[in-house]
Amino acid sequence: MNFFRGVIAGQSAGPQPTGAETIQKLCDRVASSTLLEDRRDAVRALKSLSKKYRLEVGTQAMDYLINILQTDRSDSEILGYALDTLYNIICNDEEEEQDESEDENAQKQADDLGAQFTEKLIQDPEHVTLLLTLLEEFDFHVRWPGVKLLTALLKNQGVQVQGVILVSPMGVSRLMDLLADSREVIRNDGLLLLQQLTKGNAAIQKIVAFENAFERLLDIITEEGSSDGGIVVEDCLLLLLNLLKNNSSNQNFFKEGSYIQRMKPWFEVGDDNSGWSAQKVTNLHLMLQLVRVMVSPVNSPGATASCQKCMFQCGLLQQLCTILMATGVPADILTETINTVSEVIRGSQVNQDYFASVNAPSSPPRPAIVVLLMSMVNERQPFVLRCAVLYCFQCFLYKNQKGQGEIVATLLPSTIDANSISAGQLLCGGLFSADSLSNWCAAVALAHALQDNLTQKEQLLRVQLATSLGKPPVSLLQQCTNILSQGSKVQTRVGLLMLLCTWSSSCPIAVTHFLHNQDNVPFLTAQISENLGEDERLVQGLCALLLGICIYYNDNSLENYTKEKLKQLIEKRIGKENFVEKLGFITKHELYSRAALKPQPVFPSPEQMLFDHEFTKLVKELEGMITKAVHKSSEEEKKEEEVKKTLEQHDNIVTRYKELIREQDAQIQELKEQMLSLSTQNEQMQSTMSQQLSQIQQHKDQYSILKLKLGKENQSPPTNHGDVSQVNGLQTEELLQLREELEELRRQHALLQTQLHDKDALVDSLKVSQQTESPAAGPENTELLQDLESLKDQIQAQSAEIHQLKTERQDLLRQAEAVASDGDGTSHATRTDLESRLRAQQSETEKLKDSRAQLEQQLAAATSTVAIVQTEKTKLLSELQESKKEQDDLLMLLADQDQKIHNLKQKLKDLGETVDDEDDIDARDQTSEEDDEDED
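First, a word on scope: everything that follows refers to the structure included in this document. Predicted, not measured: the structure shown is a model, and the values here were computed from it. (Residues numbered from 1 in each chain as written. Predicted model: local features only at pLDDT ≥ 70, side-chain atom pairs only at ≥ 80, totals over all residues. Heavy atoms only, no water.)

Things to note about the nonpolar core
Thinking step 1. The biggest cluster of nonpolar side chains holds 205 residues, and the ones touching the most others in it are Leu175, Trp266, Phe267, Phe355, Leu476 and Leu545.
Thinking step 2. Here this core takes twelve residues from helix H22 (residues 383-397), the largest share from any one element.
Thinking step 3. What Trp266 contacts, discounting residues up to four positions off in sequence, is Leu218, Ile221, Ser226, Ser227, Leu237, Leu240, Leu284, Met287 and Leu290. (Core = buried A, V, L, I, M, F, W, Y, C linked by side-chain atoms within 4.5 Å. Buried < 20%, exposed > 50% of the residue type's maximum accessible area, 1.4 Å probe, protein only. Helix = DSSP H or I, 4+ residues; strand = E, 2+ residues; numbered from the N terminus. Contact = heavy atoms within 4.5 Å.)

Given below as C-alpha cells:
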C-alpha cells in the first residue's frame, strides 16, 4: 500500500485529483472495504480533510460516518475518528482557518453551513440517541469527541436537539454522568454541554436539578477554590444561573436543600484585597448574580421573603455587608455587591433593620447608609456606582415605615446634630447642588422616604432651610418650588416635580401648603399652556400631573384655590383637552416604559436618567383619576360625595357582617374540631372493641379446641392416673390446683349454708314474734287510745266542775262582801256558814286540781307508750324486709356455688378423677356415725 502510494506520488505526469474526487474515493472505501483497518484509514483521511473541505466532506461523507457509528461500535479508534470528522463539519468555532480578506458575508455562510449540517444530522432523532449511547463508552477517544459533537449540535440547533434529548430514555442522566468523570477535560466539556442543554428549557432544567446537579456543582466549586478558582468555577456558576434563573421550582429546591448556606464561604474575602485577578472578579461577579437570582423582585413575594430570611440567618447578608464596607474591592465588584445587598434587604424588615445598624470601619464610625449616600451625591464617583447606591437606598426604604421615619427625622430641627453628617443633610445637599444628576438622585431618594407614608409627608413640611445669612429660613417645599421656577436643567426639574407629586399625593395638608404660595399655580399654568420643544414636554406633563393632584386632593380650605376655581382656571387658561393631552406626555415618553419594567434604575447614560420605577406606578394610578376630576362638574362631585357616604355606610354594614361571619366561622371551626376529636375517640373505641371481640373469639376457639381434644381423649380411657395426665396433656400441678379450688368452694358452700340457716332461723323468729305481737299490738293500742279518750273526758268534766266551783265561789265572795257591807245587821251564824262553805269549796277545788294533774300524767304516759310501740313495730318491719333480702342473696350465692361445684366436679370427672357426690358423702358420714354408736 505504501509502495503504491509512493508510485502514485512520484508520477508527475497526469492531472492531480481534486478534493471532491479524493473525498468521493475515501467515501467509497468506507462503504465498500471489508477490513476494519481500511475503513479506519479512510475515516482518518476524511478527518484530516474535514476542516479544509468542510462542505465536500459534510455533503458526501456524513451518512457513511453515521453508519460507522452504528456498525463499528467495537472499535473505539474508528469511532473517535468519525466523531471528530462530524464535529469538524458541524462546528462553527472562531478558530476555523480563514483568510484575512474573508468578509462578514463569508463568515455568515460558514455559520449557515454548520446549521444546515446540524439540521441534516438531527432529521432522524435516532442519530442523537445514538450519540447519547456512545457517551456511555468510557474510552477517552470516544467520549470526549462525543461530548464536543453534542455541544456543537446544541449551539447550532438547540431547541430541536433539546426536544430529542428530553424524550430520550435516560438521556439527561447520561449527560449528568459526565460531571462524575475523573478526567477533567471530559468533566469540563461536560459542563459546557450542560450549559447549552439547559438554556431556555425549564423541563430539562428541572430534570438536571433533580439529578443532584446542585450538590455536584457546589462540590466542584469548592474543590476548585471557590472565588479563587479558574475557568471551571466560572462554567459551574454559569450552569447554576441557567438552572435557577426564572425557574421557581429549582429555586425552591435550591433553598429547601440548604444550598444557600453553602454560598456563604464564597464571599469570605480577606483583608488584603489588592491584586484581584480577572478570573476572580468574573467568578465573584457571577456569584453575586446567583444570590440576586434567588431574591430577585420578579420572583414571587413569598419565595423571595423566604430566601431573604435564610440569607440573614446563615450570615450571608452580614458577609456581603463586610465586602460592601471593605477597602480595595474593585469598582465593578463593589457596584454589584451594592445591588445584591439591595435586593437581599428589599421589603424584609429584619434585613433592613440589620442594614441600618451596619457601620463603616472609619474613625469615627459612620452608618453604612451615610457612607453610601456620600458616594451617591459625589459627582466624581462612577455613574453605575451612584445608580447602585440609589437602588440600595430605595430598597432600604421599600415598605419600611420605620426606616422612612428615621431618614425624615434627620431633617427635623429637633434632631439635627451639627457635629455629624446625617442622611437628611446629604440628601438636602444633593438636592440643591450644581450637579443635575445629584439633584435627581436626591429628589428620588427623598420621594422614597415619603412613599405611602402620610405621617412623614406631614413631618417633612416642618423642615426649614437657611438659604443665606441675614435671610429668614424657608420651608423645604418652598425651596423646591423656588429652584423649579428658576429654570434649571431638565433633569433637575423632573426630579423636583417627581418629589413634589409624590409629596402632595394623598396629603391634603401638603397640597394646602403648596397652594398657599401665590406664585406656584401661575407658574404651573404657564408651563402647561406654553408650546415648548420636545425636551420640555416631559416637564409640561409633570406640571399638569402636579396641578391635577392639587385638584384631586384639595380640601377646599383656601378660598382662592378651591377645586372648582382651579378647574375654571384650567378651562380658561389651558383648556381641558389640552390639559389632558399634556398629562399624557408622561406615559408616552420612551424612557417611561423602560423605568416601569423593573425597580433597579438602569440607564445607558446620566442624561437618560429621568424616571423612577415607583413614580411610574404613581402616574399610572393618578392619571385616570385626575382626568375624571378635571372633567367633572360641581354637581357630579356632590353626587359622588353622597355616593361615597352611602358606600361608607354600606362598608360599615358589610364590615359588621364580616365580623359576625368571622365569629361564626370561629365557632364552626371549634365545633368541627370537637367533632373531629369525638370521631377520633369513637374510632379508637371501635378499634378497641374490635380487638376485644377478636380476643374473645380467639379464647372461644381455644376453648372449643381444648374441649374437642379432651372429648376425643376421654373416649380411650388410660390405664392409670399418671397416664391420664400425660394423655390429656395436663400436668399434676393443674389437677392439684383444681382440687384445691374444689375444696375451697366446698368450704365456702358450707359457710354459706350455715349463714343461710342462721338467717332462716332469724326470719322465722321474726315471723313468730310478728305473729305473736301483731295481734296483741293492735288491741293494746286500741285500749291505750280508749284510755286516752276517757282520760281526756274526765279532764274536761273536772275542768267543768272547777269552772262551776269558781263560779260558786265568786257568788259566795259577793255574798260575803254584802254581809260585810251590812255590818252589824247580819247575824254571826250567817257569816260562819258562808266561811265554812268557802273553805269546803276551796278544799274541793284543790282535790280536783290534784286529780286533774294525775290524769294529765297518765295521759302523757299513755301517749309515750303508744309512740314507743309504733317505733318498735316499724323497726321490726324493716328488719324483716332486710332479712328477706339477705336470704334471697344467700340463695343466689348458694346457687352459684352449687353450679361452680358441679362444673368442677364435671371437669374432674372428664379428667378421669373419681368424685363423690354430696349424697354419697352424707350417707358415708351417717354410716360411720352408726358404726361408732354400735361400737359404743
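Having seen it, we continue.
Topic: the environment of Leu153
Thinking step 1. Following the sequence through the fold, Leu153 ends up in helix H8 (residues 140-156).
Thinking step 2. Each C-alpha atom, one on Leu153 and one on Phe117, is 9.3 Å from the other, the two residues being 36 residues apart in sequence.
Thinking step 3. The contacts of Leu153, once residues within four sequence positions are left out, are Ile90, Thr118, Leu121, Ile122, Leu131, Gly158 and Val161.

Side note on the packing of aromatic side chains
Thinking step 1. The full count for this structure, using the stated rule, is eleven aromatic pairs.
Thinking step 2. Taking the centre distance of 5.4 Å and the plane angle of 25° together, the rings of Phe140 and Trp144 count as stacked. Within this pair, Phe140 and its partner Trp144 are both found in helix H8, separated by four residues, close to a single helical turn.
Thinking step 3. The class of Phe140 is partly exposed, set by a relative accessible area of 27%.
Thinking step 4. When the ring of Phe254 is compared with that of Tyr259, the centres are 5.5 Å apart and the planes differ by 40°; the resulting orientation is tilted. When sorted by exposure, Phe254 lands in the same class as Tyr259, which is buried.
Thinking step 5. Grouped by ring-pair contacts, the aromatic residues Phe210, Phe214, Phe253, Phe254 and Tyr259 constitute a single cluster.
Thinking step 6. We note Lys148 situated over the ring of Trp144; from NZ or CZ to the ring centre the distance is 4.0 Å. (Phe/Tyr/Trp six-rings, centres within 6.5 Å; stacked < 30°, edge-to-face > 60°. Lys NZ or Arg CZ within 6 Å of the ring centre and 35° of its normal.)

Quick word on the side chain of Asn188
Thinking step 1. Mapping Asn188 onto the fold places it in helix H11 (residues 184-197).
Thinking step 2. A distance of 3.3 Å separates polar atoms of two side chains, one belonging to Asn188 and the other to Arg187. (Polar contact = N/O pair within 3.5 Å; in protein donor to acceptor, adjacent residues only side chain to side chain.)

Brief notes about empty space enclosed by the protein
Thinking step 1. Evaluated as defined, the whole model comprises five cavities of 30 Å³ or more.
Thinking step 2. Looking at the largest cavity, its volume works out to about 60 Å³.
Thinking step 3. Forming the boundary of the largest cavity are Arg346, Tyr391, Gln394, Cys395, Tyr398, His448, Pro599, Asp612, His613 and Glu614.
Thinking step 4. Taken together, the elements giving at least two residues each to the lining of the largest cavity come down to H22 and helix H36 (613-631).
Thinking step 5. The element that contributes the greatest number of residues to the lining of the largest cavity is H22, accounting for three residues.
Thinking step 6. A breakdown of the residues in the lining of the largest cavity according to their chemical character gives four nonpolar, three polar and three charged. (1 Å grid on protein atoms, 1.4 Å probe; cavity = no way out; pocket = protein on both sides within 12 Å on 5 of 7 lines; lining within 4 Å. Points joined across faces, edges and corners; volume = space filled by probe spheres on them. Nonpolar A, V, L, I, M, F, W, Y, C, P; charged D, E, K, R; others polar.)

Observations concerning the pattern of salt bridges
Thinking step 1. According to the stated counting rule, one finds 21 salt bridges in the structure shown.
Thinking step 2. The closest approach of N and O atoms between Arg292 and Glu343, which form a salt bridge, is 2.9 Å. Of this pair, Arg292 sits in helix H16 (residues 278-294) while Glu343 sits in helix H19 (residues 331-345), and the two are 51 residues apart along the sequence.
Thinking step 3. A salt bridge links Asp435 to Arg386, with the shortest nitrogen-to-oxygen separation between them at 3.0 Å. You can see Asp435 sitting in the loop between helix H24 (423-431) and helix H25 (436-450) and its partner Arg386 sitting in helix H22, a full 49 residues away along the chain.
Thinking step 4. The exposure class assigned to Asp435 is buried, which follows from its relative accessible area of 16%.
Thinking step 5. Here the residues in one salt-bridge network are Arg40, Asp41, Arg44, Asp75 and Glu77, joined through shared partners. (Salt bridge = Lys/Arg side-chain N within 4 Å of Asp/Glu carboxyl O.)

A short note on H8
Thinking step 1. In a regular helix each residue adds 1.5 Å, so 17 residues correspond to 24 Å; H8 covers 24 Å between its end C-alpha atoms and thus fits that length.
Thinking step 2. By the burial criterion, the buried members of H8 are Val142, Arg143, Pro145, Gly146, Val147, Lys148, Leu149, Leu150, Thr151, Ala152, Leu153 and Leu154.
Thinking step 3. Its side-chain oxygen at 2.9 Å from the backbone nitrogen of His141, Asp139 defines the N-terminal cap of H8. (Expected span 1.5 Å × (residues − 1).)

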